[in-house]
Amino acid sequence: MRGADPTGGPKPESESTLYRYRFGAAEFDEARLELRVGGAVVELEPRPLQVLLQLLRHPDELVTREELFDAVWGNRPTVDNVLANAVAKLRKGLGDEASERIVTLPRLGYRLSGPLERIATGRRHASQLDFSLGAHVPGRANFRLERQLGISHHSEVWLARHDKTKEVRVYKFAADGERLATLKREATLYRVLRETLGERDDLARIIDWNFQTPPFYLECEYGGENLQQWAAEPEGLPALSQEERVALLLRIALTVGAAHGVGVLHKDLKPANVLVMSSPHGLKIRVADFGSGHLLEPERLEGLGITALGLTVAHGSSDTSGTALYLAPEVLRGEVPNAQSDLYALGLMLFQLLAGDLRRPLAPGWEQMIADELLREDIAAATDGDPKRRLGSVSELCERLRTLSQRREERAALASAAERARLDAERLVRTRARRPWIAAAAVTLLLGSGASLWGFHRESIARREAQREADIATAVNRFMIDKFIATADPNISGRGDVSVAEAVHAAIPGIDAEFANRSPEIQAALHLAMQKALSQLSDPKAAVDEARKAILAFKKTDPVDLAHLAESHIWMANDLSRIGDYRAAAGALDEAQQELPRLAHPDPVLQVRLLEVRSMIAADQMDVEGGYQLTLRALRLADSSPGVPAALHDTLQFDTADSQIMLGKTTEAEATLRDLKARQEKRLGPGSPQTLNTQVLLANCLVAMHRYQEAEALIVPAIATVKATWGDKSRRTILAESVLANLRALQSRFAESAALYSSLHARMVELYGATNQTSIAFLEGAAVATQYGGHVPEAEGMLRNALGDARAVLKEDNPQVEHLRYRLAANLLEQRKGADEAGRLLDQLSIPVLNAAEQRSDWDGRLAFQQARLLIESGQPAAALPLLKKADAVARGNASPDYDLKSVPAALAALPAATSARSAP
């Protein structure tokens, strides 16, 4: 126990002296607040490192709990167990050997025991940074400090100018190791943003940094004044109209949304962290200072080749860093920040910009300061105190602001329709109709027609001359197909938006209402357009409903439009397969097959598309070889037929590679995909949906080839962009994430894999139902990852559910059913229960059929191992021994043995010695 000295007993040689401490394999640099173990930097939060510093300053002495609370937390710990948590994190960071040096003295405190080496490394400045105007930037002889931009505890921000070129730069200085962590975090997150998004003019650029010797700093491009300073100028915020203020916030939000798309949270959004600079082309807006930020998927750093500087091991913990005014209520309550926390800050900034005061809080009565009804709704939706009621994402706020004018027009049209309905209802009431419900019905009908997408009413059409009806129909058709559906089609717009799906659903009832009895040609064309849009928007059930309407309408045309009728049947088959109704899908294709020969002019594009859908259905039903041959037929037909669109040709090459992967022809698949990706990048660009889809499949191919690091570098950024483009519930997003789920399982990161597979299964069930082949496959993936993660009984229930779903739509000898039977049997034998049931499940399993579900070369060994376990459970160890030896030989001869086969040596060792002796040669 130390004496009364409040700073901790014997002082160092001088209070301004800084030291490097060494103990065992650990080294701690007090100046940089940096811990290394075995030469590698250990990223920890500042508090555990400050606890370590107190223990290092007083080796082999008790440092009491009260002294640690006072030195590290200013005697204000946030929760009761904060000290214990900090010590636990410290021990984990130190590793097993060094952590044993920290001795807990119950109810008293802690002591660092054992030998310790201390080396003086320098002296602490008497003032914070001791800078002066006109001085050179340390380490940058040509730059002089011109003015201080900001100051906080142990950190300063300065503007510096080059002596010759007069170029200006911003330097963020840190005097100590605690503030250094913030600079490191900002540099790391900037690298993530640059590597995934490319060089962007809307992000403050970091040019260089010094993290080696104090004063530490970031060297940044000058981006102008911060928004708060700029807004106070007469030519700043006061000079902007309401529309310009909304546009300014939209630009900020688009930048934040892009960062979210690659998994980076800002966590300290506020006007002071937005830079504004005038240019000949208008204002340049840059989002700056990610020093408080957070990376949602830290594992992405390895794939990008970025060292995790400044990102702590406790990245998922609650964090209330940031400016209190802009912190979301849930963050202030101690919950973990997320993308909606940044959304809250953007909503508040939107209010402040519109109110003309960037310091004003969102206090009760704020609505009175915002005249625009829609903007009031947007602010309220972005800043709702309950994050569950808040907008779903920053992208959703961007879409609202981007379409503000359109939304105003729609709101005005609805208000006008409602007013007309009210006046007509009053007129009906004044006629003293004997049946009062007529007035209510009139209101409903008129409101419906007032909200029509086409903006005209049946009564107005009826008043037109007959000869003009055709012109009206043509105009409606052109608008719906060339404009509305083009916006809804993600292949054209490059994005999948919920509002588009809502617009499609809103338009559907008007098709039959306007054209059913008058223009079946237009009615059919519109239903086909809606069918294709819904299919692209991952709503196959609604797409099938529209297909049935389109087919009925096409059959009413005179003469029958066979080409479009066949097209509708083909699209319908595609969507029926998505919901698992393969019999109906085959029937729809048969209908198209009968219609195509009756065309006046052969259409090779439709024939290619029909073969492509047939191949997809075959592959879904685990007839991979059959699907592969159909794809090759379609590809040969496309190559020999002029006029086949490049996009359809790309799809066939994509399907070819997909089949090659499933058939184990991974070298051929990689060459196919790299060729396809290169052509798409040249024709469409690297960020197009089609190119990204190919990148996802290439990553899957690399996973199959056990080239995990290369696969990770492709799949992680692809997922972020696909999700930002198509949305979380899109089939393309789901399939992209399934590659990552499989990769995580192969990397033995089973908890992550199980969680991701479970999420994917839930989303697939929502889209296509529980009996969809892919839904079942994802549930099986979640079960296997759960089992390998050590939760075997929990996995059993998931496997039983998956097998039940598969048996509901597939035969017992289907590859997916057989594969699930094997998985459930292995699970039961792992639990050493249900030997009879396991035997029935394993009975008559076929290696060729299992290979159709999962292409592997060790199925004979896997089945031998399960049969051996079954014999052991049945009390026949001698009979099990040859099977175990066979399984062991298969495992040794396989470059990537099955996870279960890794248990074979233990099973052999567990056999009775007498059994092994009798079986010895």
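In case you missed it, the structure is sitting above this.
Residues numbered from 1 in each chain as written. Predicted model: local features only at pLDDT ≥ 70, side-chain atom pairs only at ≥ 80, totals over all residues. Heavy atoms only, no water.

Participant: Is there a simple way to think about the overall build of the protein chain in this case?
Facilitator: Scanning the protein chain from N- to C-terminus turns up 38 helices and 19 strands. By residue count, 49% of the 921 residues in the protein chain fall in the buried class. Restricting to contacts in the protein chain with at least 6 residues of sequence separation, those with at least 24 account for 62%. As displayed, the protein chain has an accessible area near 42400 Å², and 52% of this comes from carbon and sulfur atoms. (Helix = DSSP H or I, 4+ residues; strand = E, 2+ residues; numbered from the N terminus. Buried < 20%, exposed > 50% of the residue type's maximum accessible area, 1.4 Å probe, protein only. Contact = heavy atoms within 4.5 Å. Areas by Shrake-Rupley, 256 points an atom, 1.4 Å probe, with all protein chains shown as cover.)

Participant: Which parts of the structure should I look at to understand the sheet that holds strand S15 (residues 225-226)?
Facilitator: The pairing of strands in a sheet comes from backbone hydrogen bonds and takes either a parallel or an antiparallel form. One open sheet holds the 3 strands; their spatial order is S15-S17-S18, and the pairing between them is antiparallel. The strands lining the two open edges of the sheet, one partner per strand, are S15 and strand S18 (282-287). Bridge count between strand S17 (residues 274-279) and S18: 6 bridges; the pairing is antiparallel. For Val 274, the partnering residue across the bridge sits in S18 and is Val 287. Here helix H6 (residues 242-261) sits on the sheet and contacts S17 and S18; the angle it forms with S18, its principal contact strand, is near 35 degrees. (Pairing = 2+ DSSP bridges. Axes fitted to C-alpha atoms, helices over the stretch in contact; angles between N-to-C directions.)

Participant: Got a minute to help me understand the pattern of salt bridges in this structure?
Facilitator: For side chains of opposite charge, pairing can occur when their charged atoms come near one another. Tallied over the entire structure, the rule returns 62 salt bridges. A salt bridge links Glu 195 to Arg 194, with the shortest nitrogen-to-oxygen separation between them at 3.6 Å. Taking relative accessible area as the criterion, Glu 195 reaches 42% and is therefore assigned partly exposed. Since its relative accessible area comes to 29%, Arg 194 is described here as partly exposed. Residue Arg 360 is joined to Asp 357 by a salt bridge in which the shortest nitrogen-to-oxygen separation is 3.8 Å. For Arg 360, a relative accessible area of 33% gives the class partly exposed. According to the relative accessible area criterion, Asp 357 is partly exposed, its value standing at 26%. Salt bridges sharing common partners tie together Glu 780, Arg 823, Glu 854, Arg 856, Asp 858 and Arg 862. (Salt bridge = Lys/Arg side-chain N within 4 Å of Asp/Glu carboxyl O.)

Participant: Please explain the sheet that holds strand S6 (residues 102-105) as it appears in this structure.
Facilitator: One open sheet holds the 3 strands; their spatial order is S5-S7-S6, and the pairing between them is antiparallel. Looking at strand neighbours, the two that pair on one side only are strand S5 (63-64) and S6, the edges of this open sheet. Of the pairings in the sheet, the one linking S6 to strand S7 (residues 109-112) comprises 4 bridges and is antiparallel in character. Bridge assignment links Ile 102 to a residue of S7, and that residue is Leu 112.

Participant: When you look at the packing of aromatic side chains in this model, what are you seeing that I'm missing?
Facilitator: Applying the stated criterion across every chain yields a total of 12 aromatic pairs. Aromatic pair Phe 173 and Tyr 217: ring centres 5.8 Å apart, planes at 70 degrees, arrangement edge-to-face. You can see Phe 173 sitting in strand S12 (residues 168-174) and its partner Tyr 217 sitting in strand S14 (residues 216-221), a full 44 residues away along the chain. Judged by centre distance (5.8 Å) and plane angle (75 degrees), the rings of Phe 351 and Trp 366 are edge-to-face. On the criterion of sequence distance, the pair formed by Phe 351 in helix H9 (residues 339-355) and Trp 366 in the loop between H9 and helix H10 (373-382) is long-range, its members being 15 residues apart. Per residue, the accessibility class of Phe 351 equals that of Trp 366, and both read buried. (Phe/Tyr/Trp six-rings, centres within 6.5 Å; stacked < 30°, edge-to-face > 60°.)

Participant: What am I meant to see in helix H35 (residues 859-873) here?
Facilitator: Along an α-helix, a turn takes 3.6 residues, which lines up residues three or four apart on a common side. The end-to-end C-alpha distance of H35, which contains 15 residues, comes to 21 Å, matching closely the 21 Å that a straight helix rising 1.5 Å per residue would cover. In terms of residue burial, H35 counts as a mostly covered element, since 11 of its 15 residues are buried. Along H35, the residues that are buried comprise Trp 859, Gly 861, Arg 862, Leu 863, Ala 864, Phe 865, Gln 866, Ala 868, Arg 869, Leu 870 and Leu 871. As for H35, its buried residues are in contact with helix H32 (815-830), helix H33 (835-842), helix H34 (847-853), helix H36 (877-892) and helix H37 (904-910). Of the residues flanking the end of H35, it is Gly 875, one or two places downstream, whose phi is positive at about 80 degrees. (Expected span 1.5 Å × (residues − 1).)

Participant: What's the story with the packing of helix H21 (residues 582-595) against helix H22 (residues 604-620) in this structure? I'm lost.
Facilitator: To characterise two packed helices, one gives the angle between the axes of the helices and the distance between these axes. Between H21 and H22, the least distance of the axes is 11 Å, while the angle of their chain directions is 160 degrees. In terms of axis orientation, H21 runs roughly antiparallel to H22. As H21 runs across H22, the sense of the crossing is left-handed. Residues Tyr 582, Ala 585, Leu 589, Asp 590, Ala 592 and Gln 593 of H21 touch H22, and the partners they reach there are Gln 607, Leu 610, Val 613, Arg 614, Ile 617 and Asp 620. Broken down by class, the residue content of the contact of H21 with H22 amounts to 7 nonpolar, 2 polar and 3 charged. (Parallel < 35°, antiparallel > 145°, perpendicular 65-115°, else oblique. Left-handed = near helix turned anticlockwise from the far one by under 90°. Nonpolar A, V, L, I, M, F, W, Y, C, P; charged D, E, K, R; others polar.)

Participant: For this particular structure, what's the right way to read the nonpolar core?
Facilitator: Side chains that are nonpolar tend, in soluble globular proteins, to be buried together. Residues Leu 673, Ile 715, Leu 740, Leu 760, Leu 820 and Leu 842 are the most contacted members of the largest nonpolar core, which totals 61 residues. Setting aside chain neighbours within four positions, we find Leu 842 in contact with Tyr 822, Ala 825, Leu 829, Gln 866, Gln 867 and Leu 870. If you look at the next biggest cluster of nonpolar residues, it comprises 51 residues, including Val 246, Phe 290, Leu 346 and Leu 374. (Core = buried A, V, L, I, M, F, W, Y, C linked by side-chain atoms within 4.5 Å.)

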